[in-house]
Amino acid sequence: MSLSSTEHTEYTTVSPNGQRMRLDDVSVAFAGRMAVRNVTFDVEPLKVTSMIGPSGSGKTTLLRAMNRMHDLTPSAKVSGSITIDGVDIFDKSIRLTDLRTRIGMVFQRPNPFPSMSIFENAVAGLRFIGVKDKKFLAESAERSLRAAALWDSVKDRLQNAAGTLSGGEQQRLCIARSLAVEPEVLLMDEPTASLDPIATAQIEELTQTLKQILTIVIVTHNMQQASRVSDNCAFLLMGDDMAGELIEFGETTKIFTNPNDPRTIDYIAGKFG
Amino acid sequence: MTVAAAIDQMTPREIIRRTSQKSGQRRQLLSNLYFAVLTIALLVIFIPLYGVLSTIVVRGYHSLNWTFLTANPIPPTSATSPIGGVANAIDGTLEVTGIAVLLAVPLTILISVALFETRNRLARIVEQGIEIFVGMPAITFGLFIAAITVSVTHKFEAWYGSMALLFIVVPVATVNMIAAIRSVPQTLIEAGLGLGARPSRVMMRIILPTALPRILTGFFLSVSRALGETAPVLFVIGGVLVPSFNPRLPATTLPTQIYAYFGSQFESQVQACWGMALLLVIIVLFFNVLSRIFLARSKKANG
Ligand SMILES: Nc1ncnc2c1ncn2[C@@H]1O[C@H](COP(=O)(O)OP(=O)(O)OP(=O)(O)O)[C@@H](O)[C@H]1O
Ligand SMILES: [Mg+2]
């Protein structure tokens, strides 16, 4: 299950384009009810940042703020500033469609497009932005499927429906689909929550390869996973009014071995124990 | 020792077992009765269902021959004189229903997508209106269209009938199509938007293809209904004995021909009604099978 070295050399020859993102005093409210409040931390480029915390502490909410997915929800209000490469993501000069190609997203449950083949899924993002060149599409498909450690197992059945893949393979296809548009940041919301241990380990390994070329933010309930894959870690917890707050942010090793806040110790100890 | 005292000394488990044993026979009986009633219900439903179908087949099948399908009607003069065929009604049905479908498809797609994408008051009012139209008696559409066409132009034209049928096809197809596109998981839409697709692309490349089988099923269903409608077209298409192949001229459809023939004094024309009914059933069954194939394919594709 370990990645062969040939699997990712192709992709790592691409120059790294991972960007820094910065959250400054970010709050998100739904219909006036605060879901997460005053969060400030830096997502360092070419590193993996994990978000941990109990259910309802606002991890997903925060993650979805980072690629403006809340624009879909009329009742949602995001305040504070979120920047990528120093530019506010809400800035008028940034088009939403461009932003979303720069900040990819992988969801909790694998969600390949059921009406498309494996190949079509891999290049869907390129098609959406208007790429038509067949050769370019074919090369991109191979490059991103290799980067997602899926190429060898699907190269002979690229035209099969995406639904014929296993759950783990589907999730890697979704990662490949995100990689195809060459994002600078990849947001992953509990990407292994519906996968078995082997598929989980494969995705975890993948994050280590991918962080050579892009920035990763991963939400997880699995403490071992957070400590294994992430360089930095943000711990969120609900306050008295049930709005999520950032309790502690720092290097993962520090958070897991010597945190500043007793609540961090309690949570991590409880989850490990 | 009294019964109450005995119960007092029993463990919860013993009480449950005892109660279960006591009521066991009654529960078995009720259970049998339950399934007996359901089986009877199925039998009762089976009789009209297959009674209608078999009557139409038995009485209609010997009408179905080449002359019946290709010849024009000949008004009979005696009980044994030939009555020709129903080519006029086949042409009329194709014209009237065909035009209705051609117009209904883009209209339905436009309305459904608009209702899906806009969530304002106007959209809600429109959607409620469409739902009301699904349940409206077809003859009201016939009356309405007659009032704005025949009553004004004093002419019967086939396409007036198509207009009236639109009121049948579009609401049924739209309600189905909206349900179909709303059933596309939100996470697929977010995945599309997350890849930088603009909303129209998400609609064209993700939502519509994913919902396509169910959308088609809705169209087949609505067309099947329109094929058999008499009331909406009765007042506006007039009647002909030869195919006009022209929607600006009057027409006869299979249902209106059945309507006209069934009151006939000649047994031969009454007999032809069963042939036409069978023809309609075959066409509708054809659509039914098509829609089943699409549904089965979608189940396979979506896992
Ligand atoms: N669309 C929405 N409308 C209203 N409230 C919402 C919405 N999305 C999230 N919330 C609320 O925001 C709070 C944070 O939810 P969120 O999903 O971000 O938590 P989470 O940390 O991701 O939890 P989990 O670990 O269970 O996924 C919750 O109280 C939730 O009910
Ligand atoms: Mg979540």
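Rules behind the numbers
Residues numbered from 1 in each chain as written. Chains lettered and ligands numbered in written order. Predicted model: local features only at pLDDT ≥ 70, side-chain atom pairs only at ≥ 80, totals over all residues. Heavy atoms only, no water. Helix = DSSP H or I, 4+ residues; strand = E, 2+ residues; numbered from the N terminus. Rg over C-alpha atoms; globule rule 2.2 N^0.38 Å. Contact = heavy atoms within 4.5 Å. Areas by Shrake-Rupley, 256 points an atom, 1.4 Å probe, with all protein chains shown as cover. Core = buried A, V, L, I, M, F, W, Y, C linked by side-chain atoms within 4.5 Å. Buried < 20%, exposed > 50% of the residue type's maximum accessible area, 1.4 Å probe, protein only. Axes fitted to C-alpha atoms, helices over the stretch in contact; angles between N-to-C directions. Left-handed = near helix turned anticlockwise from the far one by under 90°. Nonpolar A, V, L, I, M, F, W, Y, C, P; charged D, E, K, R; others polar. Domains from an automatic or database assignment. Buried area = accessible area lost by both parts, 1.4 Å probe.

Peer 1: Can you help me understand the overall build of chain B in this one?
Peer 2: Broken down by element type, chain B carries 13 helices and 0 strands. Order of helices (α) and strands (β) in chain B, N terminus to C terminus: α-α-α-α-α-α-α-α-α-α-α-α-α. For 303 residues, the compact-globule estimate of 2.2 N^0.38 gives 19 Å, and chain B exceeds it by more than 25% at 28 Å. With the C-alpha coordinates aligned to their principal axes, the bounding extent of chain B is approximately 95 × 65 × 35 Å. When contacts within chain B are restricted to residue pairs at least 6 apart in sequence, long-range pairs at least 24 apart make up 74% of them. Total accessible area on chain B stands at roughly 17,200 Å², and carbon and sulfur atoms take up 71% of it.

Peer 1: Sorry if this is basic, but what is going on with the nonpolar core here?
Peer 2: When a protein is soluble and globular, its nonpolar side chains tend to lie buried together. Ranked by internal contacts, the top residues of the largest apolar core, which has 53 residues, are M21, M51, L62, M66 and F113 of chain A. Leave out the neighbours within four places in its chain, and F113 of chain A touches N121, A124, F128, A162 and R177 of chain A together with L188, A191, G192, L195 and I206 of chain B. The next biggest cluster of nonpolar side chains, apart from the first, holds 38 residues, and it includes L150, L158, M188 and L195 of chain A.

Peer 1: Would you explain the packing of helix α9 (residues 186-194) of chain B against helix α10 (residues 199-227) of chain B in this entry?
Peer 2: Axis angle and axis distance: for two packed helices, these are the angle between their axes and the distance between the axes, and together they describe the pair. All names here are of chain B. Close contact between α9 and α10 brings their axes to 10 Å; oriented N to C, the two are set at 145°. As for how α9 packs across α10, the hand of that crossing is right-handed. Across the interface between the two elements, L188, I189, G192 and L193 from α9 touch P199, V202, I206, I207 and T210 from α10. When its residues are assigned to classes, the contact of α9 with α10 shows 7 nonpolar, 2 polar and no charged.

Peer 1: Explain the domain arrangement of chain B here, please?
Peer 2: When the parts of a complex come together, some accessible area is lost, and that lost area is often taken as the interface size. Residue and element names in this part refer to chain B. Taken domain by domain, chain B comprises domain 1 (13-60) and domain 2 (67-73 + 82-301). Centre-to-centre, using C-alpha coordinates, domain 1 lies 38 Å away from domain 2. Tallying the contact residues gives 6 residues for domain 1 and 6 residues for domain 2. Across the interface of domain 1 and domain 2, roughly 580 Å² is buried in total on both sides, 76% from carbon and sulfur atoms.

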